[in-house]
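# Descriptive structure summary
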Amino acid sequence: MTVADVAAAAGRNQVPLGIAYMVGSTVMFAGGNAVVKWQLAAYPLGEVAFGRTLFAFLTVAAIVLPRAGWGVLRTRRYREHLQRGLSQFGSMLCWFLAVSVLSLGSATAIGFAAPLFTALLSILILKEQVGIHRWSALIVGFVGVLIVTDPGAGMLTYGALFALGNAVLISSVAVAIRRMSMTESTGTLTLYQMGIMTLCTAGLLTLGFRAPHWGDALMVALAGIGNGIAQFWWTRSLSFAPPSAVAPFNYLSLVWASILGFAVWGDVPTPGLLLGSAIVVASGLYILWRETLRRRRPAAGPLQRS
């Protein structure tokens, strides 16, 4: 390996920094999702989707272009950007449909099957070595999700299936970002993603439009700005660290969703929700502790895994 290769590899394996970006993105996503659920009760899905995505795209452009210039759009991987953008669009549609009929906490919890799919795809596509500690944390976290959702209580509605579809699609996006980050910057990845999604959601306006109240328009705009920041941070997280290391921290979204669900819709957390939330958060913290401990140790050779 050349010096440049070593530097690039080091930049792509800053796990604690990747985790920090992932945690920040969960906060921003949760706030935006609450606004989306609120607006879907009064406005067509396509209108809400386009408004949020448009302002997210403008936010990302405002973050990236002043620093990187138009050269950030140069790429040789147009087809892969298109595939990833379409997968992200499908994921967003599934999420909107799920959150329109489920509580925010339930939709978020079901979506937490994503880290397991991400870990599986990371092994199959990226050939990552995922050791017993990460697998244990992922499985324990998923058990926590099962406690929250209580599948035996009739949760397998079409809303739950849409939430699961979101989990599968977002996992494929996470793995694609990790693979493409070898040649594409965070700015390039996010701009193409948000640009493709904006064009796709513009097509949904044909399904219905209602002139919004200025307060509702402002809420959607703020949700879009928050979503743009969250998308940039989420993409940056996956550029800094393997998906199997940072994906468990998506579990923190459950905490924020539960708080917002109680504050806005009066959804009182059940004992199962509290217990499951504690389990999934603990699994993420365990990953952080393992990664921090491993970084403090001397290099133990290429076969060392966590």
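As shown above, the structure is provided for reference.
The structure reproduced in this document is the subject of the present report. All values reported here derive from a predicted model rather than from experimental measurement.

So, how was this worked out
Residues numbered from 1 in each chain as written. Predicted model: local features only at pLDDT ≥ 70, side-chain atom pairs only at ≥ 80, totals over all residues. Heavy atoms only, no water. Helix = DSSP H or I, 4+ residues; strand = E, 2+ residues; numbered from the N terminus. Expected span 1.5 Å × (residues − 1). Bend = angle between axes of the 7 residues up to and from the residue. Buried < 20%, exposed > 50% of the residue type's maximum accessible area, 1.4 Å probe, protein only. Contact = heavy atoms within 4.5 Å. 1 Å grid on protein atoms, 1.4 Å probe; cavity = no way out; pocket = protein on both sides within 12 Å on 5 of 7 lines; lining within 4 Å. Points joined across faces, edges and corners; volume = space filled by probe spheres on them. Nonpolar A, V, L, I, M, F, W, Y, C, P; charged D, E, K, R; others polar.

Before going further, it helps to examine helix α3 (residues 45-68). If you check α3, its first and last C-alpha atoms are 34 Å apart, about what 24 residues at 1.5 Å a residue would give, namely 34 Å. Most pronounced at A61, the bend in α3 amounts to some 25°. What α3 keeps buried is the set G46, E47, V48, A49, G51, R52, T53, A56, T59, V60, A61 and V64. Buried residues along α3 sit in contact with α2 (15-40), α4 (78-101), α9 (186-204) and α10 (214-240).

So, on to empty space enclosed by the protein. Within the structure shown, the criterion is met by two cavities of 30 Å³ or more. Around the largest cavity, the lining comprises 32 residues; the ones closest to its centre are F29, N33, N166, I170 and N250. Of all the secondary structure elements, the ones that give two or more residues to the lining of the largest cavity are α2, α4, α5 (104-110), α6 (114-124), α8 (158-180), α10 and α12 (252-265). Broken down by class, the residue content of the lining of the largest cavity amounts to 18 nonpolar, 13 polar and one charged. Computed from the structure, the second largest cavity encloses a volume of approximately 40 Å³. Forming the walls of the second largest cavity are P248, F249, Y251, L252, V280, V281, G284 and L285. A per-element tally of the lining of the second largest cavity places helix α13 (residues 271-296) first, with four residues. Split into classes, the residues belonging to the lining of the second largest cavity amount to seven nonpolar, one polar and no charged.

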